[in-house]
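Coordinate inspection notes
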Amino acid sequence: MSLGLLGVLGVVVLLFALAMRVPIALALAGVGFLGYAAADGWATALKMLGSVPFNLSTAYSLSVIPLFILMGAVASRAAMSRELFDAANALFAGFRGALTHATIGACAAFGAICGSSIATAATFSKVSIPEMRRHGYDPGFSAGAVAAAGTLGIIIPPSVILAIYSIVAEQSLPKLFAAALIPGLILAALYVITVWIVARLRPDLMPETESMPLGQRLRAALGMWKLALLFFLAVVGIYLGWYSPTEAAAVSAFAAIVIAFATGHMRWRGLLDAFMETAYATAMLFFIVIGAFIFARFIVLTQFPTALGDWVKDWGLSPVMVILAVMALYFVLGTFLEEVSTILISVPVTLPLVLAVGYDGIWFGIFVTVMATIGLISPPTGMTVFVIQAQNPDIPVARIYRGTLAFLAADFVLVGMLIAWPGIVSWLPAVLKM
Amino acid sequence: MKNPRDFVAKLCGWVSAAFLAAMLLLIVVDVVLRKFGLSPIHGTFELVELLLVCTFFFALPATFLRDENIVVDMIDTWRPRWVPALKRASAAAAVVLLATIAWQSWLQARNAMSFGDVTSDLSLPKILYWAPLVFGIAAGAVAAAAMAVKRGARK
């Protein structure tokens, strides 16, 4: 059997194993190891199996992941979401759909710090949906808006997903953070425009709310200071040259703890819970990363991505056609995989292919992340939709999916913009001379 | 504590959380010292790497004990009766794979020890990095076996 064919077989077996409920980390590592053994013999495969976990887990760059997760875990426990929602609501009060606008703004800010779409959606499901329903908003649209807005967290830096991509794809994390900021803000703006359009077309879905005096607006807006400070420490500090991404993550996580204690929103028990939650999440994530690296070793050995690139050249496919095909692949993967797994499973195969047709690794990181957000709210297994439904069992899943449709359209508008104008991604890193 | 499995999972979480807290404090202190023009902590990189490996591998068994490995669970809806058997098969596969990784890591750890490998800055013996790795993966295999037995008993 040729190596290329072995690579194809490996991908097929991996998908079968995933369908058979084998844990993702195990499926990646197992298929990678057996495939490597088939390609290069048991002795080298066993040696590779013994060395990959050590090389990965002792990499300093990986320490950024638990520290950013910790910052999110502390922020989630420190009542920052409620204050943020009130502040965003004060800014939009008086507009039709003000509470939905507020949800989008608050999710964008909170998600940036939290770094997890599912945690953001779960948090705002408790904060925003009851408030919107109390004001007569349509439950399906309210839940759909929270599901979509929750996904902003994985694009707007600092983002755990981007940190993982930077390790798998060997790309600069500060550059990825800078590259993601503009697309993240554009997506938030597109969501706001979406709400505005829906409000014009279907005013019955979201009634008008009362306006607010300017003084009250400003007072409520001040509630954003905690997250603004954390964002400054976590992101701006890197570009001011104060510290590396790992140090930024540690300083902002520490600042989150200090703020949570100083404002009386956290006690020792809560802190211990945040640390333990982070430890468990780190182990679960790193195990998948190790599996992905073992699988990647096998894929590289088979030269499957190179063969795929040659095949694309032979067929004379243009770069845009290749990226559209990759987009379709991510759309399908996103329907049954969560975002981390989508990236870890696919990047070893897709990155060499898109690099071969002339795209940039940083641009592709942002593209893949945006595609992952689509997977999070698209049927049949949009993860954030399920999280919200679990917390609001009286809203049927189908109704939440209907509520996300308008936001899915906004996601695809952003994808189109990224393909048509790659400068959206490269502009800020260029300005920052990265 | 409901049962020994929960206790062991919590214990793993506590130990791992302690290493994570140490890593956080080490980096913050290092940054603060540097910002105030004082001499930074020598060998921070190597210490962070050591604490990272401890954070990860001491929590790994808990991933199995808490059944937190991410799976694609579409089959739960289509063929719910297959799920217990598939879970047992996955746990058995995890035992084999983790035991193999632990065995191979142990061989490489033994080599590192016999060659006297040390880190470049602090001259820490490399075996300090290998030990939590081998322990965590072997404990992960035992945890996966415990879950397989638990599922078997439940069935």
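Residues numbered from 1 in each chain as written. Chains lettered and ligands numbered in written order. Predicted model: local features only at pLDDT ≥ 70, side-chain atom pairs only at ≥ 80, totals over all residues. Heavy atoms only, no water.

1. Things to note about the packing of aromatic side chains
The geometry of an aromatic ring pair is captured by the separation of the ring centres together with the interplanar angle, meaning the angle of the planes. Counted according to the given criterion, the structure contains 21 aromatic pairs over all chains. On the basis of an interplanar angle of 65° and a centroid distance of 5.6 Å, the ring pair of Phe287 of chain A and Phe64 of chain B is categorised as edge-to-face. Residue Phe287 of chain A is found in helix H14 (residues 268-302), and its partner Phe64 of chain B is found in helix H2 (residues 44-65); the two belong to separate chains. One exposure class covers both Phe287 of chain A and Phe64 of chain B, and it is buried. Among the aromatic residues, those joined into a ring-pair cluster are Tyr330, Tyr359, Trp363, Phe364 and Phe367 of chain A. Lying across the ring of Tyr280 of chain A, Arg66 of chain B places its NZ or CZ 3.6 Å from the centre. Just above the ring of Trp82 of chain B sits the side chain of Arg79 of chain B; from NZ or CZ to the centre is 5.6 Å. (Phe/Tyr/Trp six-rings, centres within 6.5 Å; stacked < 30°, edge-to-face > 60°. Helix = DSSP H or I, 4+ residues; strand = E, 2+ residues; numbered from the N terminus. Buried < 20%, exposed > 50% of the residue type's maximum accessible area, 1.4 Å probe, protein only. Lys NZ or Arg CZ within 6 Å of the ring centre and 35° of its normal.)

2. A few points about the pattern of salt bridges
For side chains of opposite charge, pairing can occur when their charged atoms come near one another. On inspection of all chains with the given rule, the structure shows ten salt bridges over all chains. The salt bridge partner of Arg21 of chain A is Asp76 of chain B, with a shortest N-O separation of 2.7 Å. One end of the pair, Arg21 of chain A, is in the loop between helix H1 (3-19) and helix H2 (24-40); the other, Asp76 of chain B, is in helix H3 (residues 75-78), on a second chain. Look at Arg21 of chain A and you get buried, because its relative accessible area is 12%. The residue Asp273 of chain A makes a salt bridge to Arg269 of chain A at a minimum N-O spacing of 3.3 Å. In this pair, Asp273 of chain A and Arg269 of chain A are both assigned in helix H14, four residues apart and thus about one turn of the helix distant. In this structure Asp273 of chain A comes out as partly exposed when scored by relative accessible area, which is 27%. (Salt bridge = Lys/Arg side-chain N within 4 Å of Asp/Glu carboxyl O.)

3. Things to note about the confidence of the model for chain B
All names here are of chain B. Overall, the predicted model of chain B reaches an average pLDDT of 90, with 95% of residues at or above 70. Mean pLDDT across the elements of chain B ranges from a minimum in H3, with 83, to a maximum in H2, with 95. Scored by ipTM, the complex comes to 0.93, with pTM at 0.83. (pLDDT = per-residue confidence, 0-100.)

4. Description of the interface of chain A and chain B
Accessible area lost upon the coming together of the parts is a frequently used measure of interface size. The interface of chain A with chain B comprises 55 residues on the first partner and 59 residues on the second. For the pair chain A and chain B, the summed buried surface comes to about 4900 Å²; carbon and sulfur atoms form 79% of the total. Looking at the side of chain A facing chain B, the largest losses of area belong to Arg21, Tyr60 and Tyr280 of chain A, adding up to 18% of the total buried there. Where chain A touches chain B, the interface holds two salt bridges. Salt-bridge contacts for Glu247 of chain A lead to Arg34 of chain B; the nearest nitrogen and oxygen are separated by 2.8 Å. On inspection of chain A and its partner chain B, the count reaches seven residue pairs in polar contact (both at pLDDT 80 or more). Counting residues per element, the ones that place at least two in the side of chain A that touches chain B are H1, H2, helix H3 (42-57), helix H4 (64-77), helix H13 (245-262) and H14 of chain A. The element that contributes the greatest number of residues to the side of chain A that touches chain B is H14 of chain A, accounting for 14 residues. The residue makeup of the side of chain A that touches chain B, split by class, is 39 nonpolar, eleven polar and five charged. (Contact = heavy atoms within 4.5 Å. Buried area = accessible area lost by both parts, 1.4 Å probe. Polar contact = N/O pair within 3.5 Å; in protein donor to acceptor, adjacent residues only side chain to side chain. Nonpolar A, V, L, I, M, F, W, Y, C, P; charged D, E, K, R; others polar.)

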